[in-house]
Amino acid sequence: MQVCYTINELLSCVDKFKEEKKSIGLLPTMGALHQGHLSLAKRAKAENDVLICSVFVNPIQFNNKEDLEKYPRDLERDIKLLEEINCDVVFAPSAEEVYAEEPEFTYSFGSLENVLEGPQRPGHFNGVATIVHKLFNWSKADRAYFGEKDFQQVAIVKDLVRQFSIPIEIVECPIYRDEDGLATSSRNVRLSPEARAIAPKIHEILLKSASLMKTLSISQVKGYVEGEFKMRKEFTLEYFEIVDAKTLQPVTLKGDNKIVGCVAVWLDGVRLIDIQKY
Ligand code: PAF
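Residues numbered from 1 in each chain as written. Predicted model: local features only at pLDDT ≥ 70, side-chain atom pairs only at ≥ 80, totals over all residues. Heavy atoms only, no water.

On to the overall build of the chain, then. Check the secondary structure of the chain and you find eleven helices and nine strands. The C-alpha extent of the chain, read off along each of the three principal axes, is 55 × 40 × 35 Å. Residue burial in the chain is summarised as follows: out of 278 residues, 51% are buried. Long-range pairs, those at least 24 residues apart, make up 72% of the contacts in the chain between residues at least 6 apart in sequence. (Helix = DSSP H or I, 4+ residues; strand = E, 2+ residues; numbered from the N terminus. Buried < 20%, exposed > 50% of the residue type's maximum accessible area, 1.4 Å probe, protein only. Contact = heavy atoms within 4.5 Å.)

Here's what the structure looks like:
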């Protein structure tokens, strides 16, 4: 496995892979790898000749300075974990090199970015699109792998690919959960043992909402979920929305379209998100 700390090092690896006509899978991450990342990495490795995994805490997608500072980092451990699953290249550039030039372009994703995470995290998706677009260009990957927990991010990345005609396949992968149901996230390590013990309630409430969806209306299900979080003082609900899976616009009536419930809650000073497909 090669670890590339500069863009030029990565470009040389990519040139070599292209000469050898190898298909390239890309897994973009911000490091602090967990089992969810590793399951994506294994899938990407199985479906491509080579796997490039980027480890880069992208400063411009954080709208909260404290969140950026507290974001867990352990590159040495990440490299070890990726080596164990036979990753071919780890790309861990510096922010100074990636943003040597101040980004001048502002992306626009219309109504996809005006809902859910968008209003809560101004500039977040522009930051994500900026780095993902660069990673797509540098890696020349055939496929890129994203977890479904960041449901809106996947929709935005697909739209980025559409708007810029980027020749890459976006592979959307199911949420990886710990045994007790908590969706894996790099932020989970920041939960105290007490908070970690109640965090699986998020998935439990969403699962129950899926069974209620069979008999109740959308607004009743929404009311149920909001009520469950509000009555537990440990949680501070930021939003729960039931949206169309494609447009991400809130839905009020059941129809033939696929719908999904998206939640963001604070627990023990940590912001957690999860989804439930209905
Ligand atoms: O999902 C993430 O970890 C990040 O948003 C990504 C896609 C690596 C871009 O920084």
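Here the structure, examined in full by the defined rule, presents nine aromatic pairs. Judged by centre distance (5.6 Å) and plane angle (75°), the rings of F62 and Y71 are edge-to-face. For F62, a relative accessible area of 11% puts it in the buried group. A ring pair is formed by Y107 and F164, whose centres lie 5.6 Å apart and whose planes are at 65°; its orientation type is edge-to-face. Of this pair, Y107 sits in the loop between α5 (95-98) and α6 (117-120) while F164 is found in the loop between α8 (151-163) and β6 (169-173), placing the two residues 57 residues apart along the sequence. A relative accessible area of 11% means that Y107 is categorised as buried. Among the aromatic side chains, those forming a connected cluster through ring pairs are F105, Y107, F109 and F164. (Phe/Tyr/Trp six-rings, centres within 6.5 Å; stacked < 30°, edge-to-face > 60°.)

The next point concerns the site of the ligand. The local shell around the ligand consists of P28, T29, M30, N58, Q61, I131, F146 and Q153. Q61 places a polar side-chain atom, nitrogen or oxygen, 2.6 Å from an oxygen atom of the ligand. Interatomic distance of 2.7 Å between a side-chain N/O atom of Q153 and an oxygen atom of the ligand. Here the residues of the shell around the ligand are counted per class, giving four nonpolar, four polar and no charged. (Near = heavy atom within 4 Å. Polar contact = N/O pair within 3.5 Å; in protein donor to acceptor, adjacent residues only side chain to side chain. Nonpolar A, V, L, I, M, F, W, Y, C, P; charged D, E, K, R; others polar.)

In this model helix α11 (residues 218-230) runs 18 Å from its N-terminal to its C-terminal C-alpha over 13 residues, within 8% of the 18 Å that 1.5 Å per residue would give. Residues I218, V221, V225, E228 and F229 constitute the buried set of α11. Taken around the axis of α11, the buried residues stretch over an arc of 100°, which confines them to a single face. Exposed residues on α11 whose side chains face more than 90 degrees from its buried face are S219 and K230. Looking at the buried side of α11, the elements it contacts are α10 (201-212), β7 (235-244) and β8 (259-267). (Expected span 1.5 Å × (residues − 1). Arc of directions from axis to C-beta.)

Turning our attention to the sheet that holds strand β9 (residues 270-277). The strand order across the open sheet formed by three strands is β7-β8-β9, and the pairing between neighbours is antiparallel. On the outer flanks of this sheet lie β7 and β9, each paired with one strand and no other. The average angle at which neighbouring strand axes cross in this sheet is 15°, direction not considered. Summarising the sheet, β7 and β8 pair through nine bridges and their orientation is antiparallel. (Pairing = 2+ DSSP bridges. Axes fitted to C-alpha atoms, helices over the stretch in contact; angles between N-to-C directions.)

Here we take up the nonpolar core. If you look at the biggest cluster of nonpolar residues, it comprises 49 residues, and the most contacted ones within it are I52 and F136. A per-element tally of this core places helix α7 (residues 124-139) first, with eight residues. Not counting residues within four places of it along the chain, the set of residues in contact with I52 comprises L10, V14, F17, I24, G25, L26, L27, V89, F91 and S139. By size, the runner-up hydrophobic cluster in this structure holds 24 residues, among which are I218, V225, F229 and I242. (Core = buried A, V, L, I, M, F, W, Y, C linked by side-chain atoms within 4.5 Å.)

A separate point is the pattern of salt bridges. Inspection of every chain in the model, using the stated rule, returns 22 salt bridges. Between K16 and E20 there is a salt bridge whose closest N-O contact spans 3.9 Å. (Salt bridge = Lys/Arg side-chain N within 4 Å of Asp/Glu carboxyl O.)

As a further point, take the environment of P93. If you trace the backbone, P93 turns up in the loop between β4 (89-91) and α5. Here P93 falls in the buried class, since its relative accessible area comes to 10%. Through-space distance from the C-alpha of P93 to that of V3 is 9.8 Å; in sequence the pair is 90 residues apart.

Scored by pLDDT, the chain has a mean of 97; 100% of the residues are at 70 or more. Across the chain, element-level confidence peaks in β4 with a mean pLDDT of 99 and bottoms out in helix α3 (residues 65-70) with 91. (pLDDT = per-residue confidence, 0-100.)

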